[in-house]
Amino acid sequence: MNYNLKIIHKEEYQTSSWSGGTTTQMLIFPEHSSYAVRDFAFRISSATVDLDKSEFTELKGINRYITPLDNLLRLTHNNKDFIDLQPFEVYNFSGAIPTTSYGKAKDFNLMLSEKASGNLKSAKIDKVSTMTLFKENLEAGFENGFEILISPFYDLNIKLEDKDIILSKMDLLLINANKPNTRIDIEINCEEVAEILLCSISTM
């Protein structure tokens, strides 16, 4: 088998407070790295923004992806130009840039250090959909490939080769390819039309 598979349940997440609300760390890699120390390769989290206006923490050297899950989120880096994000609309920016948010919302975040490369994408599952994972080859200098899938609002039934996987809402499905040029086809079933999020990541 060219991959390892793991489900990370929402009960395993760690929640803490930040200046604008709460943040829930869903996954950090390597496992024993620390957000506070900033020695991680990548980190996945979800935050609640409880204030009408809040300042994001400055994160030098971190490439950030963010999307709101429930309400519109307005961002600005200079208080002149504004980015209005609808739910599941993904925005990429440098964590070193001063960032202010407007609007109360719950969001989903992917943070990538210089030890990782990747992206966050959203997709709509129309009851039955197929998807190919690890479509892109690893970049030079990167050794590990990860695909991480989450459905914030609906449970999913996923068929992966001979495995039938039930992924509960807000749980993470983590797939780590242990060989280069791995391709995995999955079938996703949901009783409703569902928006899902997929993090594709490579690490050194």
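Residues numbered from 1 in each chain as written. Predicted model: local features only at pLDDT ≥ 70, side-chain atom pairs only at ≥ 80, totals over all residues. Heavy atoms only, no water.

A. Region of interest: the sheet that holds strand E9 (residues 91-94). What the six strands build is an open sheet, ordered E2-E3-E4-E11-E6-E9; its pairing is antiparallel. Looking at strand neighbours, the two that pair on one side only are strand E2 (14-18) and E9, the edges of this open sheet. Strand-to-strand twist in this sheet, taken as the mean axis angle between neighbours without regard to direction, amounts to 25°. Note that strand E6 (residues 63-68) and E9 share four bridges and pair antiparallel. Residue pairing for E9: tyrosine 65 is matched across the bridge by asparagine 92. (Pairing = 2+ DSSP bridges. Helix = DSSP H or I, 4+ residues; strand = E, 2+ residues; numbered from the N terminus. Axes fitted to C-alpha atoms, helices over the stretch in contact; angles between N-to-C directions.)

B. Here's a closer look at the side chain of asparagine 109. On the secondary structure map, asparagine 109 appears in strand E11 (residues 105-112). Each residue touching asparagine 109, except ones within four places of it in the same chain, is listed here: Arg43, Ile44, Ser45, Ser46, Ala47, Arg64, Tyr65 and Ile66. (Contact = heavy atoms within 4.5 Å.)

C. A look at the pairing of E11. Taking burial as the measure, the eight residues of E11 include seven buried ones, the bulk of the element. Here strand E4 (residues 42-49) pairs with E11 via eight bridges, running antiparallel. Of the residues in E11, the one forming a bridge with alanine 47 is aspartate 107. The sheet contact formed by E6 and E11 spans six bridges and is antiparallel. By the bridge assignment for E11, isoleucine 66 is matched with asparagine 109. (Buried < 20%, exposed > 50% of the residue type's maximum accessible area, 1.4 Å probe, protein only.)

D. A look at the sheet that holds strand E7 (residues 73-76). The strand order across the open sheet formed by four strands is E5-E10-E7-E8, and the pairing between neighbours is antiparallel. With partners counted over all chains shown, the strands left at the sheet margins are strand E5 (53-55) and strand E8 (82-85), one partner each. Across the sheet, the mean angle separating the axes of adjacent strands is 25° when strand polarity is ignored. Note that E7 and strand E10 (residues 100-102) share three bridges and pair antiparallel.

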